[in-house]
Amino acid sequence: MNLLESLRHRHPEHRAQCDRWALLEAMVAGGAAMTDAMKRKILPNPDGRPDAVVQERIKLATYTNKISPILTRFNSQLFSEPASFSGSKAPFWDDRFLPYGALLDGDDDARASFSTFLRESMFKCLVTGKAIAQIDTRIASGEALSLVDQDSTGELQPYVLLHPRSSLWDWESDAKGFCFAKLHRWVVKRDRWDMPPVGEHDFTIYQRTEEGAIVASRYSIRRRPKENEKPPVEPFDLDQLQEKDVDIIPMQMPNGQPLENVPIFNYRGVFEFPIVTLTVSPGLHIADQLFEPQKSFFAQTAALEYALYTNNFSIPVVSGVEDADDDPLKTQKIGEGYYLTLKPGQTISAFERPGRTITTAITYRGEIKRDIYDQLQQIALSAADGTAIMARSGASKREDRRPEQILLETYGQLIREYAVQILRVASIAHAEDVRWTVDGFDDFLGEGVLEEVTDMQQLQTVTIPSPTFKRETTKFLVRRVGKSYGLDAKAMTKAIEEIDQADAAAFEPPQPEPRQPPE
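Given the structure is predicted, the values throughout are model-derived calculations rather than measurements. (Residues numbered from 1 in each chain as written. Predicted model: local features only at pLDDT ≥ 70, side-chain atom pairs only at ≥ 80, totals over all residues. Heavy atoms only, no water.)

J.: Any details on the overall build of the protein? Residues and values, ideally.
T.: Assigned secondary structure in the protein consists of 16 helices and 17 strands. Put simply, the protein has 519 residues, and 40% of those count as buried. A separation threshold of at least 6 residues defines the contact pool for the protein, and within that pool the share at least 24 residues apart is 68%. Summed over all atoms, the accessible surface of the protein reaches about 29,600 Å², with 52% contributed by carbon and sulfur. (Helix = DSSP H or I, 4+ residues; strand = E, 2+ residues; numbered from the N terminus. Buried < 20%, exposed > 50% of the residue type's maximum accessible area, 1.4 Å probe, protein only. Contact = heavy atoms within 4.5 Å. Areas by Shrake-Rupley, 256 points an atom, 1.4 Å probe, with all protein chains shown as cover.)

In structure tokens:
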């Protein structure tokens, strides 16, 4: 397989589902994203009407977005409280990575906080079922002589990029994770501000070698313009081109070497793959579960609008006309001011469609709207059966949970795991081997601090021969209390460190009273 064939090859799942992911993204975005072309994909034509009639129906069809408000509500509740991240003591994380170490497409400045990155990731995941995080660093110049030099020049300062699911064109994985992953982007570049823009397919490929190392390669593909043709700016289909039609350009490193199979992210023999995914199971993929009800809701809305439009502009009809010369409407145009002279035996009326279909559509549309929210309840209740849901404060509170809160806890656990994996990769890129913990995305029951303290006091009365357990539960309580009172993240990190440094004797379980001999 030549290089062009290898680059444009897509995973079978990507080829089968990419169009559906794009449609889901458009349906959730709504507004200008639901173009006539997108509406046509979900508007039925059961009676095979001509294209002109279908186009007229599409123009009249209003798309009412029912999915996006639901996802926005879940996402806003998930991130209603700030999360805290603890691990490395290096100032880089609090000073640079957490405040603005993320890059987001669609933003002029592009930089964003890590918390904003997680929020955008969760939203994309709820839309297409998966979000793709790429951890990267500035390309090494090859001139640094030590880790200190690399850190001072910014070569060891990682950042994280968010990609839509459709960007992951090809991949393979095993029990250790990704074996390789190929990311694709369409980018428009200008070498200088006064030069014409040029569009190109950009590919980044990561490969895990047999020894466990991670190597990276990067290429761009530009279509060769024909004679007297400007460089293409709009995306072009790689499947329709041959090698003679394109230029494949390896990315150049500062030392002039092509970026091909270059080892990355190795710290003292520890390797981490720079692609991390946030994935929800099909049953918890809200946008996909609501795809059919949303499509049906749009179809009924479009039918109603078309029927009302044609019915409200009814056609006048004259009965009792024996021949064309007797028709008083033959020279008149609807909408102009005119009067009619009817002959004996002639009557005028309006031709209107029967209203039964409109009534049926209105009723069915209301049923679909209720079905959307009923289906959400079923998704949430099914999440309660998962092993990820743990008791917070006993069976009684478990029974009081609303389905929405159960679902939020499930998503919260996924977000924490996703954040930990990203920070783990980023720390290796920063020449650190750090164990990260993420606190947050778990308080959706509205329990007060006093209830937490009461539960902790009851727990302390239980004899558990484990100082580690006592220490960890104390740290948990401190995090929850600190969050409730809005304590500064640095202060909370220091408090957790003080607990870790405390003498183990402070967490020894209470000793039972010695038994007195009988008198």
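J.: Hey, could you go over the side chain of T301 for me, with residue numbers and the actual values?
T.: Tracing the backbone shows T301 in helix 10 (residues 291-312). Here the side chain of T301 touches F297 through a polar contact of 2.8 Å, landing on its backbone oxygen. Setting aside anything within four residues of it in sequence, one finds T301 in contact with T62 and R365. (Polar contact = N/O pair within 3.5 Å; in protein donor to acceptor, adjacent residues only side chain to side chain.)

J.: Give a description of the nonpolar core that names residues and reports values.
T.: What tends to happen in soluble globular proteins is that the nonpolar side chains get buried as a cluster. Judged by nonpolar contacts, the single largest core of 84 residues is most densely connected at F85, F114, F117 and Y418. Per element, the largest residue contribution to this core is 12 residues, and it comes from helix 13 (residues 403-429). Ignoring anything within four residues of it in the chain, the contact list for F114 reads F85, F97, L98, V160, A419, I422 and L423. Core analysis: the second largest hydrophobic core is formed by 11 residues, L7, W169, F203 and F236 among them. (Core = buried A, V, L, I, M, F, W, Y, C linked by side-chain atoms within 4.5 Å.)

J.: Quick one: what's the story with the packing of helix 2 (residues 12-29) against helix 7 (residues 114-128), residue by residue and with numbers?
T.: Packing of helix 2 against helix 7 brings their axes to within 9 Å, and their N-to-C directions diverge by 115 degrees. Judged by the sense of rotation from one axis to the other, the crossing of helix 2 with helix 7 is right-handed. Contact residues: W21, L24, E25 and V28 in helix 2; F123, V127 and T128 in helix 7. For the contact of helix 2 with helix 7, the residue count by class is five nonpolar, one polar and one charged. (Axes fitted to C-alpha atoms, helices over the stretch in contact; angles between N-to-C directions. Left-handed = near helix turned anticlockwise from the far one by under 90°. Nonpolar A, V, L, I, M, F, W, Y, C, P; charged D, E, K, R; others polar.)

J.: Please provide a residue-by-residue account of the packing of aromatic side chains, values included.
T.: Geometrically, a pair of aromatic rings is defined through the distance of the ring centres and the angle of the planes. Across all of its chains, the model carries 15 aromatic pairs by this definition. An angle of 45 degrees between the planes, with centres 6.3 Å apart, marks the rings of F92 and F97 as tilted. Like F92, the residue F97 is buried in the burial classification. Where F97 meets F114, the ring centres are 5.4 Å apart and the plane angle is 45 degrees; that geometry is what we call tilted. Of this pair, F97 sits in helix 6 (residues 91-100) while F114 is found in helix 7, placing the two residues 17 residues apart along the sequence. The residues F97 and F114 share a single accessibility class, namely buried. Three or more aromatic residues joined by ring pairs form one cluster here, namely F85, F92, W93, F97, F114, F117, Y418 and W436. Over the face of the ring belonging to W169 we find R10, whose NZ or CZ atom lies 5.6 Å from the ring centre. One residue, R223, lies across the ring of F236, its end atom 6.0 Å from the ring centre. (Phe/Tyr/Trp six-rings, centres within 6.5 Å; stacked < 30°, edge-to-face > 60°. Lys NZ or Arg CZ within 6 Å of the ring centre and 35° of its normal.)

J.: Residue-level account of the confidence of the model for the protein, with values.
T.: Mean pLDDT for the protein: 81, with 78% of residues reaching 70 or above. Per-element confidence in the protein ranges from a low mean pLDDT of 46 for helix 12 (residues 395-400) to a high of 96 for strand 14 (residues 275-279). When the criterion is pLDDT under 50, residues 140-147 qualifies, and its contacts beyond four places in sequence or with other chains add up to 12 contacts. Throughout residues 386-400 the model reports pLDDT below 50, and contacts reaching past four residues in sequence, or to other chains, amount to 24 contacts. (pLDDT = per-residue confidence, 0-100.)

J.: Hey, could you go over the environment of R10 for me, with residue numbers and the actual values?
T.: Mapped onto the elements of the fold, R10 is located in the loop between helix 1 (3-8) and helix 2. In this structure the C-alpha to C-alpha distance between R10 and L168, which are 158 residues apart in sequence, comes to 8.7 Å. Those residues in contact with R10 that sit more than four places away from it in its chain are R15, C18, W169, D170 and D239. Among the polar contacts made by the side chain of R10, one reaches the side chain of H14 at a distance of 3.2 Å.

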